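Structural features, examined
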Amino acid sequence: MKELKRSEQREQAFAIIFERIFNEAPLEELVDNALLARDYELCDYAKKTAEGVQEHLEEIDAAIERYAVGWKKQRISKVALAVLRLAVYEMKYEEEVPVAVSVNEAVELAKKFAAPADAAFINGILGSISREKNSAEECCEAQEPKAPEQASSEDCRSEGKVQ
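Read on for a plain summary of the structure. (Residues numbered from 1 in each chain as written. Predicted model: local features only at pLDDT ≥ 70, side-chain atom pairs only at ≥ 80, totals over all residues. Heavy atoms only, no water.)

**A few points about the overall build of the protein**
So the rule is basically this: Helical segments are the DSSP runs of H or I of at least four residues, strand segments are the runs of E of at least two, and each set is numbered from the N terminus. Burial classification: accessible surface area is computed with a 1.4 Å probe over protein chains only, and a residue below 20% of its type maximum counts as buried, one above 50% as exposed, and the rest as partly exposed. Whether two residues are in contact is decided by their heavy atoms, any of which lying within 4.5 Å being enough. Surface accessibility in these figures is a Shrake-Rupley result with a 1.4 Å probe; residues are shielded only by whichever protein chains are displayed.
Looking only at helices and strands, the protein has 8 helices and 0 strands in total. The N-to-C order of helical and strand elements in the protein reads α-α-α-α-α-α-α-α. Counting across all 163 residues of the protein, residues that qualify as buried make up 40%. A sequence separation of at least 24 residues applies to 66% of the contacts in the protein between residues at least 6 apart. As displayed, the protein offers around 10000 Å² of accessible surface, 50% of which is attributable to carbon and sulfur atoms.

**A closer look at the packing of aromatic side chains**
We apply this condition: Stacked, edge-to-face and tilted are the three classes for Phe, Tyr and Trp ring pairs, Trp counted by its six-membered ring, which pair at centre distances within 6.5 Å; planes under 30 degrees apart are stacked, over 60 edge-to-face, the rest tilted.
Following the criterion strictly, the structure yields 5 aromatic pairs and no others. Taking the centre distance of 5.2 Å and the plane angle of 70 degrees together, the rings of Phe18 and Phe22 count as edge-to-face. Placement of both Phe18 and Phe22 in helix 1 (residues 6-22) is noted, with a separation of 4 residues, approximately one turn of the helix. Look at Phe18 and you get partly exposed, because its relative accessible area is 25%. Judged by centre distance (5.1 Å) and plane angle (50 degrees), the rings of Trp71 and Phe121 are tilted.

**Thoughts on the packing of helix 1 against helix 3 (residues 44-55)**
When two helices pack together, their arrangement is captured by the angle between the axes and the distance separating the axes. Put simply, the rule reads: Axis geometry follows a simple rule: fit a line to the C-alpha atoms, using only the stretch in contact for helices, then measure angles between N-to-C directions, giving values from 0 to 180 degrees. Throughout this description, any angle smaller than 35 degrees is read as roughly parallel, any larger than 145 degrees as roughly antiparallel, any in the 65 to 115 degree range as roughly perpendicular, and the remainder as oblique. Left-handed describes a crossing in which the near helix is turned anticlockwise from the far one by less than a right angle; the clockwise case is right-handed.
Contact pair helix 1 / helix 3: the axes reach a minimum separation of 8 Å and the direction vectors enclose 40 degrees. Accordingly, the angle class assigned to the pair helix 1 and helix 3 is oblique. When the axes of helix 1 and helix 3 are compared, the crossing they make is right-handed. Contacts between helix 1 and helix 3 pair Arg6, Gln9, Arg10, Gln12, Ala13, Ile16, Ile17 and Arg20 from the former with Tyr45, Ala46, Thr49, Ala50, Val53 and Gln54 from the latter.

**With respect to the pattern of salt bridges**
Oppositely charged side chains are able to pair whenever their charged atoms sit close together. Definition in use: Whenever a carboxyl oxygen of Asp or Glu lies within 4 Å of a side-chain nitrogen of Lys or Arg, that contact is scored as a salt bridge.
Scanning the entire structure with this criterion turns up 9 salt bridges. A salt bridge links Glu24 to Arg20, with the nearest nitrogen and oxygen atoms 3.8 Å apart.

**Considerations on the side chain of Gln9**
In this structure, Gln9 sits in helix 1. Once you skip the residues sitting within four places of it in the chain, Gln9 turns out to touch Glu3, Leu4, Cys43, Tyr45 and Ala46.

**A look at the packing of helix 3 against helix 5 (residues 78-93)**
The line we're drawing: Amino acids are sorted into nonpolar (Ala, Val, Leu, Ile, Met, Phe, Trp, Tyr, Cys and Pro), charged (Asp, Glu, Lys and Arg) and polar (every other residue, Gly among them).
Relative orientation of the contacting elements helix 3 and helix 5 amounts to 90 degrees, with a least axis distance of 10 Å. In terms of orientation, helix 3 and helix 5 fall into the roughly perpendicular class. Side by side, helix 3 and helix 5 meet where Tyr45, Lys48, Thr49, Gly52 and Val53 of the first sit next to Arg85, Leu86, Tyr89 and Glu90 of the second. Partitioned by chemical class, the residues of the contact of helix 3 with helix 5 number 4 nonpolar, 2 polar and 3 charged.

Now the structure itself:
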């Protein structure tokens, strides 16, 4: 099997995630069907990502629904939903994929496979999720305790450690 670009790997993952919306068959069966129907073997990244989306589906869909203001999940096009699930999975669970790359690649997938308005819709939802993620990370960093050598005597006085 030839080495695929990450965007091609992501496209394979998208195809399986999309198919899973319509077919409740086990993921292994969908992967086998992809080999038969498309005459290529799915890459490891596509398999791992599709499995991850399935494993975290409730949390992923909850994030999508939280930011799809005025839209119920059932009203979102199936293509857009598959793209969103893929991108949200990457943003939340794939630390080696930068959030900006996930958003950009999702918009590109939408331009290629979805209706014209879906790309902006997807970008808006992912932008909101990205801001939430960045905000949560900044909050956690701000709450990390200082190392003892970084703590000032003022910090220690307020904690009653220094008179």
